[in-house]
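# Architecture at a glance
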Amino acid sequence: MAFTIFYDGQCPLCEIEMKHLKKRNTQNKLSFVDIMASDFAAQYPDLDWQALNERIHGMTADGIMLVGLDATHRAWTEVGYGWLYAPLRWPVIKYFADKLYILFAKNRYKVSYWLTGKKRCVSDCKVKY
């Protein structure tokens, strides 16, 4: 079973990362769930939407939830590029990287605007499935 990524489909930077992950997901080791989809609550009634919205989450096949950069590292590892994020999981760097990630996650729409010119996605930056 695939590692499931729960992401914010209205965040331009999140959409860009998911697009890159999907491109490399040639062995279908990942599944993608947009927490902003209209049917999200009906499909995942037991998950805490607010927590998922605060930071990216990923769920293993046996139901273990990974959060933040741990989820991101796992997703990239599944598609063979875990080495890109591996340094962010090293003990000393992990502490600071996690703090910076939380700051980013809280301000992702502002950061997205600074980097892409878009605060939120509507239909023009949706990842095609």
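The text that follows walks through the structure, step by step, so that each part is easy to find.

What counts and how
Residues numbered from 1 in each chain as written. Predicted model: local features only at pLDDT ≥ 70, side-chain atom pairs only at ≥ 80, totals over all residues. Heavy atoms only, no water. Phe/Tyr/Trp six-rings, centres within 6.5 Å; stacked < 30°, edge-to-face > 60°. Buried < 20%, exposed > 50% of the residue type's maximum accessible area, 1.4 Å probe, protein only. Axes fitted to C-alpha atoms, helices over the stretch in contact; angles between N-to-C directions. Helix = DSSP H or I, 4+ residues; strand = E, 2+ residues; numbered from the N terminus. Parallel < 35°, antiparallel > 145°, perpendicular 65-115°, else oblique. Contact = heavy atoms within 4.5 Å. Nonpolar A, V, L, I, M, F, W, Y, C, P; charged D, E, K, R; others polar. Expected span 1.5 Å × (residues − 1). Polar contact = N/O pair within 3.5 Å; in protein donor to acceptor, adjacent residues only side chain to side chain.

## Quick look at the packing of aromatic side chains
Summed over the entire model, instances satisfying the criterion amount to eight aromatic pairs. Ring centres 5.1 Å apart and planes at 85 degrees place the aromatic pair Y95 and F96 in the edge-to-face group. According to the relative accessible area criterion, F96 is exposed, its value standing at 51%. Among the aromatic residues, those joined into a cluster by ring pairs are W76, Y81, W83 and Y85.

## Quick notes on the packing of helix 1 (residues 12-24) against helix 4 (residues 69-78)
One way to put it is that helix 1 packs onto helix 4 with a least axis distance of 9 Å and a crossing angle of 30 degrees. One element, helix 1, and the other, helix 4, form an angle in the roughly parallel class. On helix 4, the residues that touch E17, H20, L21 and R24 of helix 1 are T72, A75 and W76. Across the contact of helix 1 with helix 4, the residue classes tally to three nonpolar, two polar and two charged.

## Details of helix 1
In this model, helix 1 (13 residues) spans 19 Å end to end at C-alpha, consistent with the 18 Å of a helix rising 1.5 Å per residue. The inward-facing, buried residues of helix 1 contact strand 1 (3-7), strand 2 (30-34), helix 4, helix 5 (91-106) and helix 6 (108-116).

## A look at the side chain of T4
Tracing the backbone shows T4 in strand 1. The exposure class assigned to T4 is buried, which follows from its relative accessible area of 12%. Separated by 2.8 Å, the side chains of T4 and S31 make a polar contact. Excluding its chain neighbours within four sequence positions, the residues that come into contact with T4 are S31, V33, H57, G58 and M59.

## Details of the side chain of N53
With respect to the element layout, N53 can be found in helix 3 (residues 49-54). What makes N53 buried here is its relative accessible area of 15%. A distance of 2.6 Å separates polar atoms of two side chains, one belonging to N53 and the other to R108. In contact with N53, other than residues within four places in its own chain, are D8, I35, M36 and R108.

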